[in-house]
Amino acid sequence: MSRQDTSDIVFRRILAVFPISILILVAGIFFQLFWSSLPSLKKFGFTFFYNSTWDPVAENFGALPFIYGTLVTSFVALLIAVPIGVGAAIYLAEYAPPKVSKAISILVDLLAAIPSVIYGLWGIFILVPFMRNCVQPFLGKYLGFLPFFQGPNYGVGFLAASFILAIIIVPFIISVSREVILAVPQVYKESAYALGATRWEAIFDIVLSYGRVGILGAVILALGRAIGETMAVTMIIGNNVIISPSLFSPGYTLASVLANEFAEADTTMYLSALIEIGLVLFLVSIIVNILARILIWSVTKGPGEVIK
Amino acid sequence: MKKILALVVAMAMMTSYAFADATLINGAGSTFIYPAITKWFDEYSKSNPGVMFNYQAIGSGGGIKQITAMTVDFGATDGPMTMDQMTQAPGRIYHIPMVMGAVAVAYNLPGVDKGLKLTPDIMAGIYLGKITQWNDPLITAQNPGVNLPGSSIIVVHRSDGSGTSFIFTDYLSSVSSEWKGRVGKGTSVNWPVGLGGKGNEGVSGLLKQSPGTIGYVELAYAKENNLTYAVLQNKSGNFIEPSIDSTSQAAVGVNVPADFRFSIVNSPNPQAYPIAGMTWILIYKHIDDPVKGKAIVDFIRWAVTDGQKLTADLDYAPLPSDLVDMIQKKLDLVKY
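From a predicted model like this one, the values you see are computed outputs, not experimental measurements.

Quick word on the packing of helix α4 (residues 64-95) of chain A against helix α7 (residues 158-182) of chain A
Residues and elements named next belong to chain A. Their axes nearest at 6 Å, the elements α4 and α7 cross at an angle of 35 degrees. In the packing of α4 onto α7, the handedness of the crossing is right-handed. Grouping the constituent residues of the contact of α4 with α7 by class yields 26 nonpolar, 6 polar and 2 charged.

Structure, rendered in structure tokens:
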């Protein structure tokens, strides 16, 4: 029955070029990073991943503090952003009057378009003093028994960076989650109501259950953004190569060290180590994405449903 | 299609004609010299319309890389090239000092005015993390009558690789053997303590908002932003305020090596401010293109003489006249 004319075949082949070009791009980036970081890979080998020293003068390089910083800030940012983002999306899709929903949605899209350097400057001048004078003393006073909220209070650090990241990624979560929730067929919700479900039950059991894959997708998108975010984080994380359990402590991320040191890296080994940081960032993104995908499969009974 | 092609070819020819009249000089490197070099280009082009300049402030490391790869006509760097880097270059490279600048040590202590007296031992102690309180006996001994708080010192440094950090760590290496052994000097180092701020604005942002901080910024930046900065004890024991004059003094009465690769931190001159540095332009001794070679050398001759008056407005310190004479003689050796 397959009746293919030439234009159809041509169209299909042309379309196939686009996904293949993405594949080539990713593979190209990987090989370029790998190739350029060979001197560092040869010299440090696997120690690069667990060495916590970064000394450009002595040319002793390790990525552990940066990996730690990237994971901690991204994770804490998600902890803050997911409840706010999903909550806002539910309200906008299910409760808010259409006019309000529309107005807020426009604001959300506006937030997503603000360049991160603006968030960084706002962070330096508004958020950091607020963290130092209000948030961190409060947390230290009431939750100071936890190791996360101890130590000197500078204002800058993991917590401030996580806040900025949360603000940057919340619009993505709201925007995508809202679309997902709106896409839940009305029939399902009406069936729930017909069975005597309250609004809360309908949202929690039907809407969120139906849309969980999409919402998790939104979270993964946000996570990817958080891992790679550079400028705003660099401006307020304190840029100190240490691993501390306290969120008050200054830290460093993979993207930040690249932004800070790439321009002035003058020796071959230094440059190569920085490119290996880029490679590590690439690997961290891939691993986190795979883990997130496994998480989705575990809540959706296997890979099939994701594809559907 | 043919029409478009013809148009493109015509435009390309026109632009190449436009460039044919003027000599285009490409440079890249230090961000510290960027305001000075822009001002020079602007003024110099007025009297020499035949020369066009293009300078990319990509950082000193980038400047060294580009001149080594011969992709630019000159580089600019805040720290001299190492022996290793010199041998990698395809030809003999000359370092020509162009501007001098000071790095101010600024602090935020409510109730304490400008002019806190700091010694080399205090500076090294603070940045090594050994002096942690503002009322440390070493600091109070130098500042009788100043009401120093018992709060902890929050150390701030640059997080991005920068010539300012190079000058500052060069100074600390020069006054403290422990710093030299543990940390060393460089555009980025493994800081024992402190918060990293990105750029001068990042450091001054932290300084302005957090009481108890100490950090270092370019003098011009400290002045523009009304930061309170310290007077530092120099090698002769005098306490010197950073200024254009005390910075110029740093290169007076010091032994200048013939290749100009020297450091002016911790100058022996009793009038000199101790944390001073300079930016060099890097050119090849043999420049292949005679037109470009003449244009570059003429420009440098002008910049180190008449051009120095222009940069004083931008808070750079003028080169001392002895040094300028030496530079003139060096430029005579450039072949093109």
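Brief notes about helix α12 (residues 290-304) of chain B
Residue and element names in this part refer to chain B. With 15 residues, α12 should reach 21 Å at 1.5 Å per residue; the first-to-last C-alpha distance of 21 Å fits that figure. When α12 is considered as a whole, its buried residues turn out to be G293, A295, I296, V297, F299, I300, W302, A303 and V304. You can read the cap of α12 off the contacts: a side-chain oxygen lies 3.0 Å from the backbone nitrogen of V291, and it is on D289.

Let's talk about the interface of chain A and chain B
Contacts between the two partners involve 28 residues from chain A and, on the opposite side, 31 residues from chain B. In this assembly, chain A packs against chain B so that about 2,300 Å² is buried in total across both faces, 50% of it on carbon and sulfur atoms. For the interface between chain A and chain B, the tally reads 0 salt bridges. The tally of links from chain A across to chain B stands at 14 residue pairs in polar contact (both at pLDDT 80 or more). Among the secondary structure elements, those contributing two or more residues to the side of chain A that touches chain B are β1 (54-55), α6 (116-143), α10 (231-236), α11 (254-261) and α12 (268-299) of chain A. The element that contributes the greatest number of residues to the side of chain A that touches chain B is α6 of chain A, accounting for 5 residues. When grouped by side-chain class, the residues that make up the side of chain A that touches chain B number 17 nonpolar, 6 polar and 5 charged.

Section: the pairing of strand β12 (residues 276-284) of chain B
Residues and elements named next belong to chain B. Burial runs high along β12: 9 of the 9 residues are buried. Of the two faces of β12, the one carrying A276, M278, W280, L282 and Y284 and the one carrying G277, T279, I281 and I283 are both buried. Pairing geometry for strand β3 (residues 74-77) and β12, over 3 bridges, is antiparallel. Bridged to G75 within β12 is L282. Relative to β12, strand β4 (residues 93-108) runs antiparallel, the two sharing 9 bridges. From the neighbouring strand, I96 faces β12, where its bridge partner is I281.

A look at the sheet that holds strand β10 (residues 231-233) of chain B
Adjacent strands of a sheet form backbone hydrogen bonds with each other and so pair up, either parallel or antiparallel. All names here are of chain B. Here we have 3 strands laid out as an open sheet, ordered β5-β10-β11, and mixed in their pairing. The open sheet terminates on both sides in strands that have one partner only, identified here as β5 (117-118) and β11 (239-240). Note that β10 and β11 share 2 bridges and pair antiparallel. Looking at β11, one finds that L232 is bridged to I240.

Looking at the nonpolar core
The biggest cluster of nonpolar side chains holds 121 residues, and the ones touching the most others in it are W54 of chain A together with Y127 and F168 of chain B. At 14 residues, α7 of chain A tops the list of elements feeding residues into this core. Counting residues in hydrophobic clusters, the runner-up holds 48 residues, among them A76, A250, I287 and I300 of chain B.

A short note on the side chain of E218 of chain B
Residues and elements named next belong to chain B. Relative to the assigned elements, E218 resides in strand β8 (residues 213-218). As a buried residue without a salt bridge, E218 has its nearest oppositely charged side chain in R158, at a separation of 4.8 Å. A polar atom in the side chain of E218 sits 3.4 Å from the side chain of T164. In contact with E218, other than residues within four places in its own chain, are F32, A102, A104, T164 and N200.

A few points about the packing of aromatic side chains
According to the stated counting rule, one finds 36 aromatic pairs over all chains in the structure shown. The rings of F44, F46, F48, F49, Y50, W54, F61, F66, Y252 and Y270 of chain A are connected pair by pair, giving a single aromatic cluster. We note R199 of chain A situated over the ring of Y95 of chain A; from NZ or CZ to the ring centre the distance is 4.5 Å. Here the basic side chain of K117 of chain B rests over the ring of F239 of chain B, its NZ or CZ set 5.4 Å away from the ring centre.

Here we look at the packing of helix α9 (residues 199-228) of chain A against α12 of chain A
Relative orientation and spacing of two packed helices are given, respectively, by the angle between their axes and the distance between those axes. Residues and elements named next belong to chain A. Across the interface, α9 lies against α12 with an axial gap of 10 Å and an inter-helix angle of 165 degrees. When the interaxial angle is binned, α9 and α12 end up roughly antiparallel. In terms of crossing hand, the pair formed by α9 and α12 is right-handed. Every residue of α12 that contacts α9 at R212, V213, L216, G217, I220, L223 and I227 is listed here: L281, S285, V288, N289, A292, R293, L295, I296 and V299. Partitioning the contact of α9 with α12 into residue classes produces 11 nonpolar, 3 polar and 2 charged.

Focus: the environment of T119 of chain B
Residues and elements named next belong to chain B. Secondary-structure assignment places T119 in the loop between β5 and α5 (120-128). Between the alpha carbons of T119 and A230 there is a distance of 10.0 Å; along the sequence they are 111 residues apart. When neighbours within four sequence positions are excluded, T119 is seen to be in contact with Q142, Q233 and F239.

Details of α4 of chain A
Compared with the 46 Å implied by 1.5 Å per residue over 32 residues, the 45 Å span of α4 of chain A between its first and last C-alpha is a close match. Approximately 35 degrees is the largest bend angle found in α4 of chain A, and it occurs at A81 of chain A, with the proline P83 of chain A only one to four residues beyond.

Here we look at the confidence of the model for chain B
Within chain B, residue pLDDT values average 88, and 94% of them lie at 70 or more. Listed scores for the predicted complex are pTM 0.85 and ipTM 0.81.

Thoughts on the side chain of S37 of chain A
Structurally, S37 of chain A can be placed in the loop between α1 (6-36) and α2 (38-44). If sequence neighbours within four positions are ignored, S37 of chain A has contacts with S272, I275, E276 and L279 of chain A.

Some remarks on a nonpolar patch on the surface
Residue and element names in this part refer to chain A. A surface patch of nonpolar side chains, about 720 Å² in accessible area, is lined by L111, I114, V117, I118, L121, W122, F125, I126 and M231. For the nonpolar patch, the element with the highest residue contribution is α6, accounting for 6 residues. The class of F125 is partly exposed, set by a relative accessible area of 45%.

Analysis parameters
- Residues numbered from 1 in each chain as written.
- Chains lettered and ligands numbered in written order.
- Predicted model: local features only at pLDDT ≥ 70, side-chain atom pairs only at ≥ 80, totals over all residues.
- Heavy atoms only, no water.
- Axes fitted to C-alpha atoms, helices over the stretch in contact; angles between N-to-C directions.
- Helix = DSSP H or I, 4+ residues; strand = E, 2+ residues; numbered from the N terminus.
- Left-handed = near helix turned anticlockwise from the far one by under 90°.
- Nonpolar A, V, L, I, M, F, W, Y, C, P; charged D, E, K, R; others polar.
- Expected span 1.5 Å × (residues − 1).
- Buried < 20%, exposed > 50% of the residue type's maximum accessible area, 1.4 Å probe, protein only.
- Polar contact = N/O pair within 3.5 Å; in protein donor to acceptor, adjacent residues only side chain to side chain.
- Contact = heavy atoms within 4.5 Å.
- Buried area = accessible area lost by both parts, 1.4 Å probe.
- Salt bridge = Lys/Arg side-chain N within 4 Å of Asp/Glu carboxyl O.
- Pairing = 2+ DSSP bridges.
- Core = buried A, V, L, I, M, F, W, Y, C linked by side-chain atoms within 4.5 Å.
- Lys, Arg positive; Asp, Glu negative; His and termini not counted.
- Phe/Tyr/Trp six-rings, centres within 6.5 Å; stacked < 30°, edge-to-face > 60°.
- Lys NZ or Arg CZ within 6 Å of the ring centre and 35° of its normal.
- Parallel < 35°, antiparallel > 145°, perpendicular 65-115°, else oblique.
- Bend = angle between axes of the 7 residues up to and from the residue.
- pLDDT = per-residue confidence, 0-100.
- Patch = residues over 30% accessible without salt bridge, like charges linked within 9 Å, V, L, I, M, F, W, Y side chains within 5 Å.
- Areas by Shrake-Rupley, 256 points an atom, 1.4 Å probe, with all protein chains shown as cover.

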